[in-house]
Amino acid sequence: MTLVDHSTSPDLVGPPHSHGPRRDAAPLLPDPEPVRVLGTEAAAAFDPELARDLHRRLVLARRFNQQATTLTRQGRLAVYPASTGQEACQVGAAMVLRPQDWLFPSYRDTLAVVARGVRPIDALTLMRGHAHCGYDPYEHRIAPLSTPLATQAAHAVGLAHAARLRAAANPAADEQLVALALVGDGGTSEGDFHEALNFAAVLRAPVVFLVQNNGYAISVPLARQSAAPTLAHKAVGYGMVGRLVDGNDALAVHQVLSDAVEHARSGRGPVLVEAITYRLDAHTNADDATRYRSAGEVEAWRARDPLTLLDAHLRAQGLLDDAGAAELARAAEELAGRIRAEFEAAPEPDPATLFTHVYAEPTSQLRAQAAELAARLADEADDPGDDPFHLDGDEFDSDNLTANDLTADGLAAGGVDDRGPDAGAGTTRGGAA
Amino acid sequence: MSPTTMVGALNAALRDSLRDDPDVHVLGEDVGALGGVFRVTDGLAAEFGAARCLDTPLAEAGILGTAIGMAMYGLRPVVEMQFDAFAYPAFEQLVSHVAKMRNRTGGRVGLPITIRVPYGGGVGGVEHHSDSSEAYYAHTPGLHVVTPATVADGYGLLRAAIASDDPVVFLEPKRLYWSADPPGGTEPAAGATSGAQDQVAPIGRAVVRRAGTSATLITYGPSLPICLAAAQAARADGLDLAVVDLRSLVPFDDETVCAAVRATGRAVVVHEASGFGGVGAEVAARIGEQCFHHLAAPVLRVTGYDIPYPPPMLEKHHLPSVDRVLDAVARLQWEQ
Ligand SMILES: Cc1ncc(C[n+]2csc(CCOP(=O)(O)OP(=O)(O)O)c2C)c(N)n1
Ligand SMILES: [Mg+2]
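Bear in mind that the values here come from a model prediction, so they are computed numbers and not experimental data.

### Describing the overall build of chain B
Here's step 1: Scanning chain B from terminus to terminus reveals twelve helices and twelve strands.
Here's step 2: Against the compact-globule benchmark of 20 Å for 336 residues, chain B has a radius of gyration of 19 Å, which places it among compact chains.
Here's step 3: With the C-alpha coordinates aligned to their principal axes, the bounding extent of chain B is approximately 65 × 40 × 40 Å.
Here's step 4: In chain B, of all internal contacts separated by at least 6 residues, the share reaching a separation of at least 24 is 80%.
Here's step 5: In the structure as shown, chain B presents an accessible area of about 11,400 Å², 56% of it carried by carbon and sulfur atoms.
Here's step 6: Each charge class in chain B was averaged separately, 25 positive and 37 negative side chains, and the resulting centres sit 3 Å apart.

### Quick word on the domain arrangement of chain B
Reports of interface size often rely on the accessible area that becomes lost once the parts have come together.
Residues and elements named next belong to chain B.
Here's step 1: As far as domains go, chain B holds domain 1 (6-176) and domain 2 (207-334).
Here's step 2: A separation of 27 Å is found between the C-alpha centroids of domain 1 and domain 2.
Here's step 3: Across the boundary between the two partners, domain 1 contributes 27 residues, which contact 22 residues of domain 2.
Here's step 4: Both sides together, the interface formed by domain 1 and domain 2 hides about 1,900 Å², and carbon and sulfur atoms give 60% of it.
Here's step 5: Sorting the residues of domain 1 by area buried against domain 2 places Glu134, Thr147 and Arg175 first, and these three jointly supply 25% of that buried surface.
Here's step 6: The interface formed by domain 1 and domain 2 holds three salt bridges in total.
Here's step 7: Residues aspartate 153 and arginine 247 are paired through a salt bridge, measuring 3.0 Å at the closest nitrogen-oxygen approach.
Here's step 8: Where domain 1 packs against domain 2, one counts eleven residue pairs in polar contact (both at pLDDT 80 or more).

### As for the packing of aromatic side chains
Here's step 1: One pass over the structure, following the stated rule, counts twelve aromatic pairs over all chains.
Here's step 2: Aromatic pair tyrosine 216 of chain A and tyrosine 278 of chain A: ring centres 6.4 Å apart, planes at 75 degrees, arrangement edge-to-face. Placement of the pair is tyrosine 216 of chain A in strand S4 (residues 216-217) and tyrosine 278 of chain A in the loop between strand S7 (271-276) and helix H12 (295-302), with a sequence separation of 62 residues.
Here's step 3: Look at tyrosine 216 of chain A and you get buried, because its relative accessible area is 10%.
Here's step 4: With relative accessibility at 3%, the residue tyrosine 278 of chain A sits in the buried group.
Here's step 5: Ring geometry for phenylalanine 91 of chain B versus tyrosine 137 of chain B: centroids 6.3 Å apart, planes at 50 degrees, classification tilted. With phenylalanine 91 of chain B in helix H4 (residues 91-98) and tyrosine 137 of chain B in helix H6 (residues 134-138), this pair connects stretches of sequence that are 46 residues apart.

### Structural notes on the environment of valine 268 of chain B
Residue and element names in this part refer to chain B.
Here's step 1: One can find valine 268 in strand S11 (residues 267-274).
Here's step 2: Accessibility expressed as a relative area gives 0% for valine 268, which makes it buried.
Here's step 3: For the pair valine 268 and glycine 238, spaced 30 residues apart in sequence, the C-alpha to C-alpha distance is 17 Å.

### Here we look at the interface of chain B and chain A
Here's step 1: Each partner contributes to the interface: chain B provides 58 residues, whereas chain A provides 56 residues.
Here's step 2: Carbon and sulfur atoms supply 59% of the area that chain B and chain A bury against each other, a total of about 4,700 Å² over both sides.
Here's step 3: The largest contributions to the chain B side of the interface with chain A come from Met72, Tyr73 and Arg104 of chain B, which together make up 16% of the buried area.
Here's step 4: Taken together, the links from chain B to chain A amount to one salt bridge.
Here's step 5: Considered class by class, the residues forming the side of chain B that touches chain A number 23 nonpolar, 22 polar and 13 charged.

### Details of the nonpolar core
Here's step 1: Residues Phe209 of chain A together with Leu64, Met72 and Ile113 of chain B are the most contacted members of the largest nonpolar core, which totals 90 residues.
Here's step 2: Broken down by element, the residue count for this core peaks at nine residues, all from helix H8 (residues 151-169) of chain A.
Here's step 3: Of all hydrophobic cores here, the second largest spans 67 residues; its members include Ala68, Leu77, Tyr80 and Tyr107 of chain A.

### Re the site of ligand 1
Here's step 1: Around ligand 1, 16 residues are found, and the nearest of them are Tyr107, Arg108, Asp185, Gly186 and Gly187 of chain A.
Here's step 2: With respect to ligand 1, the chains having nearby residues are chains A and B.
Here's step 3: At 2.7 Å, a side-chain N or O of aspartate 185 of chain A approaches an oxygen atom of ligand 1.
Here's step 4: The contact in question runs from an oxygen atom of ligand 1 to an N or O atom on the side chain of asparagine 214 of chain A, over 2.8 Å.
Here's step 5: Against a free-state accessible area of 580 Å², the protein chains account for coverage of 74% of ligand 1.
Here's step 6: Here the residues of the shell around ligand 1 sort into six nonpolar, six polar and four charged.

### Things to note about the sheet that holds strand S2 (residues 179-184) of chain A
All names here are of chain A.
Here's step 1: In spatial order, the strands read S1-S2-S3-S7-S6; together these five strands make up an open sheet with parallel pairing. The sheet is open, and its two borders are formed by strand S1 (102-104) and strand S6 (241-246), each paired with just one other strand. Sheet twist, expressed as the mean angle between neighbouring strand axes with direction ignored, is 20 degrees.
Here's step 2: Together, strand S3 (207-213), S6 and S7 form the strand contacts of helix H11 (residues 250-265), whose direction differs from that of S6 by roughly 165 degrees.

### Points about the domain arrangement of chain A
Here's step 1: Per the domain assignment, the segments of chain A are domain 1 (27-345) and domain 2 (351-413).
Here's step 2: Computed from C-alpha atoms alone, the centre-to-centre distance between domain 1 of chain A and domain 2 of chain A is 44 Å.

### Brief notes about the coordination of the magnesium ion (ligand 2)
Residue and element names in this part refer to chain A.
Here's step 1: Within the first shell, the magnesium ion (ligand 2) binds the protein through Asp185 (OD), Asn214 (OD1) and Tyr216 (O), at distances of 2.0 to 2.1 Å.
Here's step 2: Motif for the magnesium ion (ligand 2), donor spacing along one chain: D-x28-N-x1-Y. Pair noted here: aspartate 185 is in the loop between S2 and helix H9 (191-203) and tyrosine 216 is in strand S4, with a separation of 31 residues, a long-range link.

Rules used in this analysis
- Residues numbered from 1 in each chain as written.
- Chains lettered and ligands numbered in written order.
- Predicted model: local features only at pLDDT ≥ 70, side-chain atom pairs only at ≥ 80, totals over all residues.
- Heavy atoms only, no water.
- Helix = DSSP H or I, 4+ residues; strand = E, 2+ residues; numbered from the N terminus.
- Rg over C-alpha atoms; globule rule 2.2 N^0.38 Å.
- Contact = heavy atoms within 4.5 Å.
- Areas by Shrake-Rupley, 256 points an atom, 1.4 Å probe, with all protein chains shown as cover.
- Lys, Arg positive; Asp, Glu negative; His and termini not counted.
- Charge placed at Lys NZ, Arg CZ, Asp CG, Glu CD.
- Domains from an automatic or database assignment.
- Buried area = accessible area lost by both parts, 1.4 Å probe.
- Salt bridge = Lys/Arg side-chain N within 4 Å of Asp/Glu carboxyl O.
- Polar contact = N/O pair within 3.5 Å; in protein donor to acceptor, adjacent residues only side chain to side chain.
- Phe/Tyr/Trp six-rings, centres within 6.5 Å; stacked < 30°, edge-to-face > 60°.
- Buried < 20%, exposed > 50% of the residue type's maximum accessible area, 1.4 Å probe, protein only.
- Nonpolar A, V, L, I, M, F, W, Y, C, P; charged D, E, K, R; others polar.
- Core = buried A, V, L, I, M, F, W, Y, C linked by side-chain atoms within 4.5 Å.
- Near = heavy atom within 4 Å.
- Pairing = 2+ DSSP bridges.
- Axes fitted to C-alpha atoms, helices over the stretch in contact; angles between N-to-C directions.
- Donors = N, O, S within 2.8 Å, 3.2 Å for Na, K, Ca; no water.

What follows is the structure, given as structure tokens:
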């Protein structure tokens, strides 16, 4: 169990109380010039099949973003935080992971979830307005989308740490997994981001943190978020490797993330990657981005659209022609059509499920509340004109209420009310309401 | 040998859990070589290794967030928060993830995490060392909230918490850490529902610590000894007080509480936390809803005042005392 006992770790120099640097900062420092492949000599050498694969996925990803945004306008999605313009990061994040790895997405990363293999309709379950994430985290090795900013980063650390503990206890079963946590530039200001990076470095957990720096946290630009040289520089303070990449260069994103993931997998510690990108759409469908950024700025970034950049590269390399592009466009329309059809067929959530997964076993109080709602719904179905707030007090004797009455069966058998005429219809935690 | 103090019982429960289940991992601040500031984890790192009793960096959200990931992978983390008021940085992880993960994954991901929190006052602590934070936790659906008041329950409830597939906030009354069981209980220490010092106590069951016919005191954690002492003192006035120890705030044991109240027709809820919006308000409401026709008097509460936890030199005025409990009992409309 030396895994976490760093008193013996060779890379921590000197005793814990020494005041000199305990490790050399230089290898951790990011190159302040973001890594680029497109437009450089490295582009021609990049695996053409991988480049075409990335391009195909980017085309589909863009269409997914458009379709989901349209669905919000039709009221079929409660909200959709589009990742338009960030598709290279979304697709890259999913592609560099192996089956045993885990992804910890934030609320903007539905696309990464789909890119890892979750059905679009399932990946959008939460945004459709359901209580749950819509997919089995264990089947896909993807945590539910996390909305409280940066909180998921610590979960990635804990999971990666646990995997190494298990591997140490049972080397035969070692799956050498890596956890990839996705965070936004604004999220890096959260205390949880700091704590997660610190834990990852101290525990030497195999985690990669990908910060998609799209320049804004809703309306607030990066300059008000951080005074760090780059967000990747933050890594150094934790004793972890920081890397900076052009997040709109799909080839560079893939390369840098692959390297980072393999670095973590090989036991050399966590990595922080900052990908510089831009959100071309508003924060969500409910946001008005014209209040905080100029049309000129958006147009300038449109010229650096990850899809356009990769498109140009493939055509220059003779890897894509008009016929190929048309075929891709057809595939994208097919995806959009499939999403629309899946939305048509998607069932409404059953109100009973409100109570089923609060605990492994519902408490007696929850069973009673579930029965109360079920009875109310049954009443409404029987007689939609009836006042749903009227309950018949005759049937209820509060003093004879036993624990059995607090079960669903007990309550379903008769109306339950001991509140008097003015008590209103509010539910209490209790079974007697 | 059975432990004789709460700290000993908690330590034994952790040791037995670590021994019985390789997935159990303890983590927190100073839990390793030091054994925790209250020594609850004493000797565990030496016996089970630094990885299974892990000294973490000093960051409560990081500790709980890391525990969440560990639990997602199949481990059973037991987190120690060093003090009640220093658990607050972890509140977001607790409320937004620990409490909701099962629900937000449609039942697919449960988090069997135990969060141990030393709580409460009466120990002469300076500010931020004496909070009673149970209402925050009890108000959060998805969490179980338990608090032992006896040595046997210290062991039994902690074993049950660690074995639970749901997250459990385990509130440890600091005031009772070093004491043996309070005198004055007439029922067997564990009542009808929990047994000897080495047995698991069920989560969700209150226990009658003392049967009585005149009125029912309902309490938990650090206030149990006060209530038992009050019941003894009341005998001089010819009053025979029942004492119920809730043990489990969530799930709440309506059955035991209501049966005990119906048997006497009078009830006082006693806790050390501030009264407004507190657990006592919930208990009183539930009794009113379920036992109305059996009550001879309104349910009264004896609680801490609605003030920031007072300094050591004044805390005795804030804490429920035998006198305050007896005063409340006297106000239960005996004249009718
Ligand atoms: C803890 C927390 N505070 C506030 C919010 C509200 N909120 C949602 S998204 C957002 C901006 C996040 O910006 P960034 O991290 O850069 O991600 P982006 O939206 O650009 O992808 C805010 C403030 C939240 N979700 N969580
Ligand atoms: Mg941003």
